[in-house]
Amino acid sequence: MFTKIHSPVQQLKHPTLQQLWIKRDDLIDPYISGNKWRKLKYLLSKAQTENKDHLVTFGGAYSNHLLATAAAASRAALKSTAFVRGETVKNEMLMLCQLFGMTLLFVDRTSYKDKISLFDQHFGDDPNALFIDEGGASMEAVTGCAEIIAELPADIDHIFCAAGTGTTAAGLLKGIHDIGLKTILHVVPALKGGEFIAEEIFNYLGHTNQLILHTDYHFGGYAKTNPELIHFMKSFVSSQGVLIDPIYTAKMMYAIDDLSKKNYFRKEEKIMAIHTGGLMGIFGMKDKFF
Ligand SMILES: *Cc1c(COP(=O)(O)O)cnc(C)c1O
């Protein structure tokens, strides 16, 4: 199922930037979308080589990673279980996870913090269960995300991506260095205190060369928004015809737009935004849009 893909690249309209493009990884799959497909690719081959038939992972109640894992597991004929952070809830995302056959175990926020011990308690004696960290964070995921770069033109000045754990960003930076490009990677953390992303990337790669973090576009923190971001997102979606989400990709696109207004770029520079997908998660934010 994880055959070679090559998601399309398309140009965006912009009042000043002449070369603003978007890599449509959101189009890879409706449920295993964007960077989650990239991150799971080599974790699934690991499951296969190690004869694991059960993916066990972790996430919040609106996690794109849980849905991606559930859908990927069902297509690869594997079982899947998720430890879901917090009290028992019912929502559209978890409904889809269950439809794809995922078992959901709700755990309180304190127990959730110790993922290894949760795994050991429930699956410690199951040799066929594979531990997959929250968000799919792993070296396998970095390897999968690095492949995005090989699908892009070599003459891009700036690549932008949104970050949660920083794994995707680490992969993109690895791809840039593997090919020896001059491209700068700009990372827009979706959470407050996003400086830790640089450490994460350093832990994976041993350097952070050609990396720039833009930590001021979190809009109050993870899954937080304000009317300005919602207004930006509405006008982006309606004028470009490309759906983005308020948690990650809208913050990235806002950052590009805001930096352009501050004359951060030369107008002919080539900018590539990575659309990391995650569009099902937008239903968790529906109250913000009316
Ligand atoms: C999960 C997710 C991210 C964050 O990816 P990391 O590798 O954890 O930094 C970014 N964008 C979207 C749409 C996501 O679903």
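Keep in mind the model is a prediction, meaning the values are calculated, not measured.

Enquirer: Please clarify how the site of the ligand should be interpreted in this entry.
Expert: If you check the shell around the ligand, you find 14 residues, and the closest are Lys36, Lys39, Thr165, Thr168 and Thr276. Within the side chain of asparagine 35, one N or O atom sits 2.9 Å away from an oxygen atom of the ligand. Residue glycine 166 places a main-chain N or O atom 2.9 Å away from an oxygen atom belonging to the ligand. Relative to its unbound accessible area of 390 Å², the ligand is 97% covered by the protein chains. Looking at the shell around the ligand, the elements that each hand over two or more residues are helix 1 (35–49) and helix 7 (167–179). Ranked by residues supplied to the shell around the ligand, first place goes to helix 1 with three residues. Here the shell around the ligand is built from residues that sort into two nonpolar, 10 polar and two charged.

Enquirer: Is there a simple way to explain the packing of aromatic side chains in this structure?
Expert: Aromatic ring pairs: the centre-centre distance and the angle between the two ring planes describe each pair. All told, the structure shown has 14 aromatic pairs when counted by the stated rule. Ring centres of tyrosine 222 and tyrosine 248 lie 5.9 Å apart, and the angle between their planes is 65°; on these two criteria the pair is classed as edge-to-face. Here tyrosine 248 lies in the loop between helix 9 (227–240) and helix 10 (249–261) and tyrosine 222 lies in the loop between strand 9 (211–213) and helix 9, a separation of 26 residues in the sequence. Assessed through its relative accessible area of 17%, tyrosine 248 is described here as buried. Among the aromatic residues, those joined into a cluster by ring pairs are Phe58, Phe83, Tyr112, Phe119, Phe123 and Phe131. Geometry around tyrosine 248 places lysine 36 over its ring, the cationic atom sitting 5.8 Å from the centre.

Enquirer: Sorry, what's going on with the environment of arginine 38 here?
Expert: Its place among the elements puts arginine 38 in helix 1. On the basis of relative accessibility, which here comes to 1%, the residue arginine 38 falls in the buried class. As for arginine 38 and valine 142, which are separated by 104 residues in sequence, their C-alpha atoms are 8.5 Å apart. Residues within four places of arginine 38 in sequence aside, it is in contact with Ile5, Ser7, Lys23, Asp25, Ile28, Ala141, Gly144, Cys145, Glu147, Ile148 and Glu151. Of the polar contacts made by the side chain of arginine 38, one reaches the side chain of aspartate 25; its length is 2.7 Å. Side-chain polar atoms of arginine 38 contact the side chain of glutamate 151, separated by 2.9 Å.

Enquirer: Sorry if this is basic, but what is going on with the sheet that holds strand 7 (residues 158–163) here?
Expert: Whenever strands of a sheet pair, they do so through backbone hydrogen bonds, lying parallel or antiparallel. An order of 1-2-10-7-8-9 is seen for the six strands of this open sheet, with the pairing classed as mixed. Each end of this open sheet is capped by a strand with a single partner; those strands are strand 1 (9–11) and strand 9. Taking each pair of neighbouring strands and ignoring which way they run, the sheet shows an average axis angle of 25°. One ladder, built from six bridges, connects strand 7 with strand 8 (residues 184–189); its direction is parallel.

Enquirer: Help me understand the domain arrangement of the protein in this model?
Expert: When the parts of a complex come together, some accessible area is lost, and that lost area is often taken as the interface size. We note that the domain assignment places domain 1 (9–30 + 142–288) and domain 2 (36–136) within the protein. Each of domain 1 and domain 2 has a C-alpha centre, and the two are 26 Å apart. Counting from both sides, the interface comprises 20 residues of domain 1 and, opposite them, 13 residues of domain 2. Note on domain 1 versus domain 2: buried area summed over both sides is about 1400 Å², and carbon and sulfur give 55% of it. On the domain 1 side of the interface with domain 2, the three residues burying the most area are Ile28, Glu147 and Met280, jointly 27% of the side's total. Across the contact surface, domain 1 and domain 2 share five salt bridges. Of the charged contacts in the structure, one is a salt bridge between lysine 41 and glutamate 147, with a shortest N-O distance of 2.7 Å. Listing elements by their share of the side of domain 1 that touches domain 2, those giving two or more residues are helix 6 (139–150) and helix 7. In terms of residue count, helix 6 provides more of the side of domain 1 that touches domain 2 than any other element does, five residues in total.

Each value, and the rule that gives it
- Residues numbered from 1 in each chain as written.
- Predicted model: local features only at pLDDT ≥ 70, side-chain atom pairs only at ≥ 80, totals over all residues.
- Heavy atoms only, no water.
- Near = heavy atom within 4 Å.
- Polar contact = N/O pair within 3.5 Å; in protein donor to acceptor, adjacent residues only side chain to side chain.
- Areas by Shrake-Rupley, 256 points an atom, 1.4 Å probe, with all protein chains shown as cover.
- Helix = DSSP H or I, 4+ residues; strand = E, 2+ residues; numbered from the N terminus.
- Nonpolar A, V, L, I, M, F, W, Y, C, P; charged D, E, K, R; others polar.
- Phe/Tyr/Trp six-rings, centres within 6.5 Å; stacked < 30°, edge-to-face > 60°.
- Buried < 20%, exposed > 50% of the residue type's maximum accessible area, 1.4 Å probe, protein only.
- Lys NZ or Arg CZ within 6 Å of the ring centre and 35° of its normal.
- Contact = heavy atoms within 4.5 Å.
- Pairing = 2+ DSSP bridges.
- Axes fitted to C-alpha atoms, helices over the stretch in contact; angles between N-to-C directions.
- Domains from an automatic or database assignment.
- Buried area = accessible area lost by both parts, 1.4 Å probe.
- Salt bridge = Lys/Arg side-chain N within 4 Å of Asp/Glu carboxyl O.

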